[in-house]
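Given next are the chains, with one letter for each unit.
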Amino acid sequence: MTAMTAEQAWQVLARVADPEIPVISVTELGIVRDVRTDGAAVEVVVTPTYSGCPATELIEASIAAALREAGARDVRIRTQLAPAWTTDWIAPEALEKLRRYGIAPPAAARDGEQPLAFVPRIACPLCGSRDTERLSQFGATACKALYRCRDCREPFEYFKPL
Amino acid sequence: MTMTMTTTTAAASAAHLEYVLRLADSALVLGQRLAEWCGHGPVIEEDIALTNTALDLIGQARLLLTHAGTLEGRGRDEDALAFLRHEHEYRNLTICELPNVDFGRTILRNFLFAAFQAPLWEALASSRDGELAAIAGKSAKETRYHLRHAADWTVRLGDGTDESHARMQRALDDLWPYTAEFFAPDAVDDEVAAAGIGPAWSTLAPAWERAVLPVLQEATLTVPARTPFLSHGRQGRHSEHLGHLLAVMQHLQRAYPGAKW
C-alpha cells in the first residue's frame, strides 16, 4: 500500500459531493478544515454546517469511503465545532455553481446583530430579477430559505448567510 | 480537540454538569415538542420551518448531552442521557415541555425561548469551558434564524384577525408566568458564573426584555403583570406534561433496551 499525501487526499475530497447539493463538493462547501496524513492513515477535520443537519453523518461516511477507495487504510474523521462554519467559507467558484443549479447563493454573512425585520432583496437565480419575495424562512433544508420571483414567477431556494 | 478547559485538574463540578444539562434538556425537550408538528403544520412551509427548528434544537442537544456525559465521567453518551433518564432527572425549563396546543402558541413559545437562548449563547461563547463555548458559538447562528422566524409570526398573528389575536393573547397570558423561571436566582447559576463557565441566567433579563417587549407591542399583545408563580423544571420538578413526552420519546429504548438502528 502506498502512502497518501495530504495533497492527494484533498484531491479525493474535492470529488466528494454534498448529498443535498450534489453540484458542489465538500471542500467547496468549506466544511473540510484540515487534512493530515501519515503513511496510509488520513485524518480529516470536518466542521458541521448546522447542529441538526441530517446530512452530517452521511457526509462523513462518504468522505471515509472515498478515501478508502483511493487507498487510505486508516481514515479518521474528527469533528471540530470552533470556529463555527460560515457560508463565507463556500468557495467563490461554488457560488456560481449554486446559482446555475437554481439556488441563490448566500450574501456575505455579517456576524453579530441583525435587525429582526431585515429582509434582503435576493436576485432570482433563474432570470436575475431582484423583484423577489420570501415565502418562508426555512426551505427544504435548514440552510436554505424559500423565495419566489415576482417576474418569472418561479419559486427558488436561497442559501441563507450563516 | 476543542477541549481547552482551564479547570481540568479535578472532575467537573456538580454545578457545571447541572448547568450543561439544563441547556441540553431545554433544547431536547423543545425539539421533541416541535417534532410533533412534522406532517401537521398549517401549511407546508411552516411544517418545514418548525421541523427544521426542531432539528437544530435536537442537534444542539446532542452536542450538549455528549459534553455532559464527558463532564460526568461515568461513560454515559448522548443516547443514554436522552433515553434512559427519568422525568425527575431532566433539567429543562418547564416552558419547553408544555403542550403545543396550536400553531400560534407554538410560535409564541419559540419566540420567548429563542429570545432567551440568543443572549445566553452569546455570553457562553466566551465560556472558560472551551467545548461549551464552541457549541454556543455554533448555536448562536441558528438561534438567530429561529428568533426571526418566530418574531415575524408573532407579529402577524398577534396583529392579525380577531381570532388569531385572541388566541395569541391567551397563549401569552398562559406562557408568560413560565418565563419567570428563566431568570430566577439559583445556586447552580451562581457557582457556574463565579467559575467563569457561564452567565447566571438572572443577568440575561434585560437583554431578553429588549428583544421581546418591542415585538409583543408590535403584535398588539398586552404583557401580563408578573405574579409570584414560579416553575422549577431546572431543578427537576416538572409539570405533568414531561412524563407523557418522555414516554413517547423514550418508548423504543425502554421497550427494546440497547436497540440500535
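Above this text you will find the structure in question.
Predicted model, so just to flag it, every value in this text is computed and none were measured.

Quick notes on the overall build of chain B
Next up, step 1: For chain B, the helix and strand inventory stands at ten helices and zero strands.
Next up, step 2: Reading chain B from its N end, one meets helices and strands in the order α-α-α-α-α-α-α-α-α-α.
Next up, step 3: Relative to the compact-globule value of 18 Å for 261 residues, chain B shows a C-alpha radius of gyration of 18 Å, a close match.
Next up, step 4: Viewed in the frame of its principal axes, chain B has a C-alpha envelope of about 60 × 45 × 35 Å.
Next up, step 5: Classification of the 261 residues of chain B by burial places 58% in the buried group.

Focus: the interface of chain A and chain B
Next up, step 1: Contact with chain A, which involves 34 residues of that partner, is made by 32 residues of chain B.
Next up, step 2: With a shortest N-O distance of 3.1 Å, B:Arg62 and A:Glu57 are connected by a salt bridge.
Next up, step 3: Here the side of chain A that touches chain B is built from residues that sort into 15 nonpolar, twelve polar and seven charged.

Quick word on the side chain of A:Ser25
Next up, step 1: Along the polypeptide, A:Ser25 turns up in the loop between helix H1 (6-13) and helix H2 (26-29).
Next up, step 2: Not counting residues up to four positions away in its chain, the partners in contact with A:Ser25 are A:Leu13, A:Ala14, A:Val16, A:Ala17 and A:Asp18.

Observations regarding the sheet that holds strand S1 (residues 32-38) of chain A
Residue and element names in this part refer to chain A.
Next up, step 1: Taken in spatial order, the three strands make up an open sheet running S1-S2-S3, and their pairing is mixed. Every interior strand has two partners, whereas the edge strands, S1 and strand S3 (74-79), have only one. Within this sheet the neighbouring strands show an average axis-to-axis angle of 15 degrees, counted without direction.
Next up, step 2: In terms of strand pairing, strand S2 (residues 41-46) meets S3 through six bridges, oriented parallel. By the bridge assignment for S3, Val44 is matched with Ile77.
Next up, step 3: This element, H1, spans S1 and S2 of the sheet and lies at about 135 degrees to S1.
Next up, step 4: Running at roughly 155 degrees to S3, helix H3 (residues 56-69) makes contact with S1, S2 and S3 of the sheet.

Details of the state of the cysteines
Residue and element names in this part refer to chain A.
Next up, step 1: According to the stated counting rule, one finds zero disulfides over all chains in the structure shown.
Next up, step 2: Counting only cysteine sulfurs, Cys53 is the nearest neighbor of Cys143, a cysteine outside any disulfide, at a range of 6.4 Å.
Next up, step 3: Unpaired in this structure, Cys149 has its nearest cysteine sulfur neighbour in Cys127, at a distance of 3.7 Å.
Next up, step 4: Residue classification places Cys149 among the buried residues on the basis of a relative accessible area of 0%.

Re the packing of helix H5 (residues 130-158) of chain B against helix H6 (residues 162-175) of chain B
Residue and element names in this part refer to chain B.
Next up, step 1: Where H5 meets H6, the closest approach of the two axes is 7 Å, and the angle between their N-to-C directions is 120 degrees. The angle between H5 and H6 places the two elements in the oblique class. For the pair H5 and H6, the contacting residues are Thr154, Leu157 and Gly158 in the first and Ser164, His165 and Met168 in the second.
Next up, step 2: By residue class, the composition of the contact of H5 with H6 is two nonpolar, four polar and no charged.

Description of the pattern of salt bridges
In a structure, side chains of opposite charge can pair up when their charged atoms sit close to one another.
Next up, step 1: Evaluated as defined, the whole model comprises 26 salt bridges over all chains.
Next up, step 2: For the salt bridge of B:Asp189 with B:Arg234, the shortest nitrogen-to-oxygen distance reads 3.3 Å. A residue pair is termed long-range when its members are at least 10 positions apart, and B:Asp189 in helix H8 (residues 187-194) and B:Arg234 in the loop between helix H9 (205-218) and helix H10 (241-255) qualify at 45 residues. B:Arg234 carries the same exposure label as B:Asp189, and that label is buried.
Next up, step 3: Look at the salt bridges and you will find they share partners, linking A:Asp34, A:Arg36, A:Glu43, A:Arg76 and A:Arg78 into a network.

Some thoughts on the packing of aromatic side chains
Next up, step 1: For the structure shown, the criterion picks out 14 aromatic pairs over all chains.
Next up, step 2: Three or more aromatic residues joined by ring pairs make a cluster, and in this case those are B:Tyr19, B:Phe116, B:Trp176, B:Phe182, B:Phe183, B:Trp201 and B:Trp208.
Next up, step 3: Here A:Arg33 stacks its cationic end above the ring of A:Trp89, 3.5 Å away from the centre of that ring.
Next up, step 4: The ring of A:Phe138 has A:Lys160 lying over it, and the distance from NZ or CZ to the ring centre is 4.0 Å.

A short note on the side chain of A:Thr141
Next up, step 1: Locating A:Thr141 in the fold gives a position in the loop between strand S5 (132-136) and strand S6 (144-149).
Next up, step 2: Residue classification places A:Thr141 among the buried residues on the basis of a relative accessible area of 13%.
Next up, step 3: Look past the residues within four positions of A:Thr141 in its chain and what remains in contact with it is A:Glu20, A:Glu157 and B:Asn52.

A closer look at a nonpolar patch on the surface
Next up, step 1: Judged by side-chain polarity, B:Leu252, B:Tyr256 and B:Trp261 come together as a nonpolar surface patch covering roughly 440 Å² of accessible area.
Next up, step 2: Mapped onto the secondary structure, B:Leu252 falls in helix H10.

Considerations on the environment of B:Lys138
Next up, step 1: Relative to the assigned elements, B:Lys138 resides in helix H5.
Next up, step 2: The class for B:Lys138 is buried, based on a relative accessible area of 1%.
Next up, step 3: Not counting the four nearest positions on each side in its chain, B:Lys138 is found in contact with A:Pro48, A:Thr49, A:Tyr50, A:Ser51, A:Leu81, A:Ala84 and A:Trp85.
Next up, step 4: Only 3.3 Å separates the side chain of B:Lys138 from the backbone oxygen of A:Pro48, close enough to count as a polar contact.

About the thresholds
Residues numbered from 1 in each chain as written. Chains lettered and ligands numbered in written order. Predicted model: local features only at pLDDT ≥ 70, side-chain atom pairs only at ≥ 80, totals over all residues. Heavy atoms only, no water. Helix = DSSP H or I, 4+ residues; strand = E, 2+ residues; numbered from the N terminus. Rg over C-alpha atoms; globule rule 2.2 N^0.38 Å. Buried < 20%, exposed > 50% of the residue type's maximum accessible area, 1.4 Å probe, protein only. Contact = heavy atoms within 4.5 Å. Salt bridge = Lys/Arg side-chain N within 4 Å of Asp/Glu carboxyl O. Nonpolar A, V, L, I, M, F, W, Y, C, P; charged D, E, K, R; others polar. Pairing = 2+ DSSP bridges. Axes fitted to C-alpha atoms, helices over the stretch in contact; angles between N-to-C directions. Disulfide = S-S within 2.5 Å. Parallel < 35°, antiparallel > 145°, perpendicular 65-115°, else oblique. Phe/Tyr/Trp six-rings, centres within 6.5 Å; stacked < 30°, edge-to-face > 60°. Lys NZ or Arg CZ within 6 Å of the ring centre and 35° of its normal. Patch = residues over 30% accessible without salt bridge, like charges linked within 9 Å, V, L, I, M, F, W, Y side chains within 5 Å. Areas by Shrake-Rupley, 256 points an atom, 1.4 Å probe, with all protein chains shown as cover. Polar contact = N/O pair within 3.5 Å; in protein donor to acceptor, adjacent residues only side chain to side chain.

Fair warning: the whole summary comes from geometry, so function is off the table for now.
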